[in-house]
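# Architecture at a glance
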Amino acid sequence: MGTGLNPSYFIGLSGALFAIGLYGALSKRNAIAVLISIELMLSAVNINLVAFNKYLTPDAFIGQIFAIFVITVAAAEVGLGLAIVIALYRRRETTTLDEIDWLKW
């Protein structure tokens, strides 16, 4: 009935994706690259939610429901984030995060 895979494989994959996303979010200078890195971290969280749900409570769908909520929040975050990036690009003609300092007092 099961896939025969150990849950540690999913946890390892999720940890690797989250670490790559965290590195990208902290090291990139481009706003769009940071948004992509945050999406990668949210995908790692979804893998964890579904994997833990499968191995802890295989008859319930709680992990999948939480994953759908995370996907919904990620979609809203992308929509709002890209709107902000487009507005900043129209005003400053750059998407580099170091050059966006006009919000400071």
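Since we're looking at a predicted model, the values are computed, not measured. (Residues numbered from 1 in each chain as written. Predicted model: local features only at pLDDT ≥ 70, side-chain atom pairs only at ≥ 80, totals over all residues. Heavy atoms only, no water.)

## Concerning the packing of helix α2 (residues 31–56) against helix α3 (residues 62–92)
Contact geometry for α2 and α3: axes closest at 8 Å, N-to-C directions at 175°. One way to sum up the angle between α2 and α3 is to call them roughly antiparallel. Across the contact of α2 with α3, the residue classes tally to 16 nonpolar, five polar and two charged. (Axes fitted to C-alpha atoms, helices over the stretch in contact; angles between N-to-C directions. Helix = DSSP H or I, 4+ residues; strand = E, 2+ residues; numbered from the N terminus. Parallel < 35°, antiparallel > 145°, perpendicular 65-115°, else oblique. Nonpolar A, V, L, I, M, F, W, Y, C, P; charged D, E, K, R; others polar.)

## Quick notes on the UniProt feature "transmembrane region" (unreviewed entry) in the protein
The residues that UniProt annotates with the feature "transmembrane region" (unreviewed entry) are residues 6–25, 32–52 and 64–89. Taken end to end, residues 6–25 is 95% helix and 0% strand, and its first and last C-alpha atoms sit 29 Å apart. (UniProt positions renumbered as here; feature names shortened; annotations may be inferred.)

## Overview of the packing of helix α1 (residues 7–27) against α2
It is the contact of α1 with α2, at a shortest axis distance of 8 Å, that shows an interaxial angle of 165°. Judged on the interaxial angle alone, α2 and α1 are roughly antiparallel. The interaxial crossing formed by α1 with α2 has left-handed handedness. Touching Pro7, Phe10, Ile11, Leu13, Ser14, Leu17, Phe18, Ile20, Gly21, Leu22, Gly24 and Ala25 of α1 are Val34, Ser37, Leu40, Met41, Ala44, Val45, Ile47, Asn48, Ala51, Phe52 and Tyr55, all from α2. Grouping the constituent residues of the contact of α1 with α2 by class yields 18 nonpolar, five polar and no charged. (Left-handed = near helix turned anticlockwise from the far one by under 90°. Contact = heavy atoms within 4.5 Å.)

## Details of the pattern of salt bridges
With the rule as written, the count across this model stands at one salt bridge. Across the pair aspartate 98 and arginine 29 runs a salt bridge whose closest N-O atoms are separated by 3.3 Å. Here aspartate 98, found in the segment after α3, pairs with arginine 29, found in the loop between α1 and α2; they are 69 residues apart in sequence, far enough to count as distant. For arginine 29, a relative accessible area of 52% puts it in the exposed group. (Salt bridge = Lys/Arg side-chain N within 4 Å of Asp/Glu carboxyl O. Buried < 20%, exposed > 50% of the residue type's maximum accessible area, 1.4 Å probe, protein only.)

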